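Descriptive structure summary
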Amino acid sequence: MDLIKDWKTLQRMGNHEFAQQRWQSASHFYLHSILLLRHHLPVLLQQPTQDASLSIICLSIAVQNLADTYLRQGRSKRCTTLLNRALRDFQQLQSLLCPSHPATVALLRESCRLRQLVYAHQATSTEPVTQLPSQNWVGAASGRLH
């Protein structure tokens, strides 16, 4: 699947920049990988295949990488906002899919992972806690690559 190959390339480039502590450049690559997947996800979700699940997992990884990069830049509020938005979007997508769709398990798992990160960040943050939204979008292995 060329989409995943392109995503991996963007993630590798972002990870390289992250390792060099070039946060702005790393953010650029992670954001572009998110936009790439979000662009293709609606089409992938129309077909009940494992490609949609893999794309959701990759999307979650990209979001986590970008959120971590924001933290390294001292942009804690932006990190929380990004994680909350992705969580809302995953929850909304979950509610729109047929329960038997292969992507529902990936959505549930990645929503849990994002929720854990939001709570962990809020527990250690000195900023006021942002209220978690109740619902709403659209990650291969769960977790960060860098």
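In case you missed it, the structure is sitting above this.
Since we're looking at a predicted model, the values are computed, not measured. (Residues numbered from 1 in each chain as written. Predicted model: local features only at pLDDT ≥ 70, side-chain atom pairs only at ≥ 80, totals over all residues. Heavy atoms only, no water.)

Points about the overall build of the protein chain
How we decide: Note on conventions: DSSP H or I runs of at least 4 residues are helices, E runs of at least 2 residues are strands, and numbering of each starts at the N terminus. Categorising residues by exposure relies on relative accessible area from a 1.4 Å probe, with only protein chains included: less than 20% of the type maximum marks a residue as buried, more than 50% marks it as exposed, and the intermediate range marks it as partly exposed. Per-residue accessibility takes into account occlusion by the displayed protein chains alone, with areas from the Shrake-Rupley method and a 1.4 Å probe.
Secondary structure assignment for the protein chain yields five helices and zero strands. Order of helices (α) and strands (β) in the protein chain, N terminus to C terminus: α-α-α-α-α. Of all 146 residues assigned to the protein chain, the portion counted as buried reaches 46%. Only carbon and sulfur atoms are counted for the fraction: they give 53% of the accessible area of the protein chain, which is about 7,700 Å².

Comments concerning the packing of helix H1 (residues 2-19) against helix H2 (residues 23-45)
Stated formally: Working convention: axes come from line fits to C-alpha atoms, limited for helices to the stretch in contact. Angles between N-to-C directions cover 0 to 180 degrees. Should an angle fall under 35 degrees it is called roughly parallel, over 145 degrees roughly antiparallel, and 65 to 115 degrees roughly perpendicular, with every other angle called oblique. The crossing is said to be left-handed when, going from far helix to near helix, the turn is anticlockwise and less than a right angle, and right-handed when the turn is clockwise. Any two residues whose heavy atoms approach within 4.5 Å are treated as being in contact. Each residue gets one label: Ala, Val, Leu, Ile, Met, Phe, Trp, Tyr, Cys and Pro are nonpolar, Asp, Glu, Lys and Arg are charged, and the others, such as Gly, are polar.
Running from N to C, H1 and H2 point in directions that differ by 165 degrees, and their axes come no closer than 7 Å. Here H2 runs roughly antiparallel to H1, going by the angle between their axes. Viewed along their axes, H1 and H2 form a crossing whose handedness is left-handed. The residues of H2 that touch H1, namely those facing Leu3, Asp6, Trp7, Leu10, Gln11, Met13, Gly14, Asn15, Glu17 and Phe18, are Trp23, Ser25, Ala26, Phe29, Tyr30, His32, Ser33, Leu36, Leu37, His40 and Leu44. Grouping the constituent residues of the contact of H1 with H2 by class yields twelve nonpolar, seven polar and two charged.

With respect to helix H4 (residues 76-96)
Definition in use: To estimate how far a helix should reach, multiply one less than its number of residues by 1.5 Å.
Compared with an ideal rise of 1.5 Å per residue, which puts 21 residues at 30 Å, H4 spans 31 Å between its outermost C-alpha atoms and is within 8% of the ideal. Those residues of H4 not exposed but buried are Ser76, Cys79, Thr80, Leu82, Leu83, Asn84, Ala86, Leu87, Asp89, Phe90, Gln91 and Leu93. Check the buried side of H4 and you find it contacts H2, helix H3 (50-72) and helix H5 (103-124).

Some points on the side chain of Gln11
Spelled out, the test is: For the purposes of these results, a polar contact is taken to be a pair of N or O atoms within 3.5 Å, where, inside protein, one atom must be able to donate a hydrogen and its partner to accept one; residues adjacent in sequence count only when each atom of the pair is a side-chain atom.
Among the secondary structure elements, Gln11 is positioned in helix H1. Classification of Gln11 as buried rests on a relative accessible area of 0%. Within the structure, Gln11 has its side chain in polar contact with the side chain of Asn65 (distance 2.6 Å).

Description of the nonpolar core
Basically, it comes down to this: Residues belong to one nonpolar core when they are buried, are Ala, Val, Leu, Ile, Met, Phe, Trp, Tyr or Cys, and are joined through side-chain atoms within 4.5 Å.
Core analysis: the biggest nonpolar cluster contains 37 residues, and Leu45, Ile56, Leu59, Val63, Leu83 and Leu114 have the highest contact counts within it. Within the residue set of this core, elements represented by two or more residues are H1, H2, H3, H4 and H5.

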